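# Residue-level structural notes
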Amino acid sequence: CAVPAVSFFVALSPVTPMLASWPMPSFAPLVVLVAVFAAGEFRRPGGPDVGFRRAWRAAVVYGLGGWLVLSFPNALALVPGAAHALRGPLRRIAGHREAAAELAEVLGAVRTPDGRPPLIVARYYMTAAEYAFYLPGHPTVYNAGRLLGKRPSSYDFWHETDLTDPALAGRTAVLDGRGSKGWEEILRFDSVAPLAGGRAYLGRGFRGVAERSHRPRSADSVSP
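Criteria and thresholds
Residues numbered from 1 in each chain as written. Predicted model: local features only at pLDDT ≥ 70, side-chain atom pairs only at ≥ 80, totals over all residues. Heavy atoms only, no water. Core = buried A, V, L, I, M, F, W, Y, C linked by side-chain atoms within 4.5 Å. Buried < 20%, exposed > 50% of the residue type's maximum accessible area, 1.4 Å probe, protein only. Helix = DSSP H or I, 4+ residues; strand = E, 2+ residues; numbered from the N terminus. Contact = heavy atoms within 4.5 Å. pLDDT = per-residue confidence, 0-100. 1 Å grid on protein atoms, 1.4 Å probe; cavity = no way out; pocket = protein on both sides within 12 Å on 5 of 7 lines; lining within 4 Å. Points joined across faces, edges and corners; volume = space filled by probe spheres on them. Nonpolar A, V, L, I, M, F, W, Y, C, P; charged D, E, K, R; others polar. Phe/Tyr/Trp six-rings, centres within 6.5 Å; stacked < 30°, edge-to-face > 60°. Lys NZ or Arg CZ within 6 Å of the ring centre and 35° of its normal. Pairing = 2+ DSSP bridges. Axes fitted to C-alpha atoms, helices over the stretch in contact; angles between N-to-C directions. Salt bridge = Lys/Arg side-chain N within 4 Å of Asp/Glu carboxyl O.

### Remarks on the nonpolar core
- Residues Val121, Leu163, Leu175, Trp183 and Leu187 are the most contacted members of the largest nonpolar core, which totals 17 residues.
- Mapped onto this core, the elements with two or more residues apiece are strand 1 (119–122), strand 3 (173–176), strand 4 (187–195) and strand 5 (200–209).
- Ranked by the residues each element gives to this core, the list is headed by strand 5, at three residues.
- When neighbours within four sequence positions are excluded, Leu175 is seen to be in contact with Val121, Trp183, Leu187, Phe189, Val192, Ala200, Tyr201 and Gly203.
- Counting residues in each nonpolar core, the second largest holds 16 residues, with Ala122, Tyr155, Val174 and Leu202 among its members.

Set out below in structure tokens:
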């Protein structure tokens, strides 16, 4: 059960970036096999052989080291020369609270005509989920990833995060960042202006989804 999936991800890793969590479920059957084998070795008269003892110690050291790195990733920044090299991965692991604090500062400075908090729109579903968790009050965060041609996510099938909802007309929105496709190409506003040096954009007078963008399917159109 485990070998085909693990082999696939290992073979693919030199070609494209991988996430270590993808093959993780495939390790479960291997743990059972290793446990059965280890139990037999430890019950052997005279104790395990030399090869098994070395492999067991190496596995324990590797496991403890992996646990420490995964549990306390920021400690890697203390290693000389590692802070700069690992800046990207460390930010992906532990930079969400900092990013949410920066966005919260931007949101606090925005004043809307109707007095309601601005809509928050991210460009990727994981970013939307992180903001919804780390921002004060856990606000609703919209995801425009499907409009940018990315694969659909659960954000595209719930009424609470549907950017095509007519009730959003006229609202002010804070748009997180900017990519190769500008906000004006996927969402319609009366005006769009940069905030915080371009880290966010302010859209005033929301008028819906642009006709040429990848429109999300409604929940009613999803087959059971």
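Alright, that's what it looks like, and here's the rest.
### Things to note about the confidence of the model for the protein
- Scored by pLDDT, the protein has a mean of 86; 89% of the residues are at 70 or more.
- Note that residues 216–224 has pLDDT below 50 and, in this model, nine contacts with residues that lie over four places away or in other chains.

### Brief notes about the layout of surface pockets
- What the second largest pocket holds in volume is close to 160 Å³.
- Taken together, Ala104, Leu107, Pro117, Pro118, Leu119, Ile120, Leu135, Pro136, Pro139, Thr140 and Arg171 form the lining of the second largest pocket.
- Elements with a contribution of two residues or more to the lining of the second largest pocket: helix 6 (96–109) and strand 1.
- When the residues that make up the lining of the second largest pocket are grouped by side-chain class, the tally is nine nonpolar, one polar and one charged.

### Looking at the packing of aromatic side chains
- Scanning all chains against the criterion turns up 10 aromatic pairs.
- Between Phe189 and Phe206, the ring centres sit 5.2 Å apart and the planes meet at 50 degrees, which makes this aromatic pair tilted. Of the two residues, Phe189 is situated in strand 4 and Phe206 in strand 5; the sequence distance between them amounts to 17 residues.
- We classify Phe189 as buried; its relative accessible area is 9%.
- These aromatic residues form a ring-pair network of at least three members: Phe37, Phe42, Phe52 and Trp56.
- The cationic tip of Arg123 hangs over the ring face of Trp183; the distance from NZ or CZ to the ring centre is 4.9 Å.
- Sitting over the face of the ring of Tyr201, Arg178 holds its NZ or CZ atom 5.1 Å from the ring centroid.

### Some details on the sheet that holds strand 4
- Sheet architecture is open: five strands sit in the order 2-1-3-5-4, paired in mixed fashion. Of all the strands in the sheet, just strand 2 (142–143) and strand 4 have a single pairing partner and so form its edges.
- Pairing analysis gives three bridges linking strand 1 to strand 3, with the strands arranged parallel. What sits directly across from Ile120, in strand 3, is Val174.
- Where helix 6 meets the sheet, it contacts strand 1, strand 3, strand 4 and strand 5, and its direction lies at approximately 155 degrees from that of strand 3.

### What to know about the environment of Gly203
- By secondary structure assignment, the location of Gly203 is in strand 5.
- The exposure class of Gly203 is buried, given its relative accessible area of 0%.
- Not counting residues up to four positions away in its chain, the partners in contact with Gly203 are Arg171, Thr172, Ala173, Leu175, Phe189, Ser191 and Val192.

### As for the pattern of salt bridges
- For the structure shown, the criterion picks out six salt bridges.
- With a closest N to O distance of 3.6 Å, Glu102 and Arg199 form a salt bridge. In this pair, Glu102 is assigned in helix 6 and Arg199 in the loop between strand 4 and strand 5, connecting sequence segments 97 residues apart.
- Each of Glu41, Arg44 and Asp49 takes part in a single network of salt bridges with overlapping partners.

### What about the pairing of strand 5?
- Burial analysis of strand 5 places eight of its 10 residues in the buried class, which makes it a mostly covered element.
- Two elements, strand 3 and strand 5, share four bridges in a ladder whose sense is antiparallel. If you follow Leu175 over to strand 5, its bridge partner there is Tyr201.
- Of the strand pairs in this sheet, strand 4 and strand 5 are connected by seven bridges, and their pairing is antiparallel. Bridging from a neighbouring strand, Phe189 pairs with Phe206 of strand 5.

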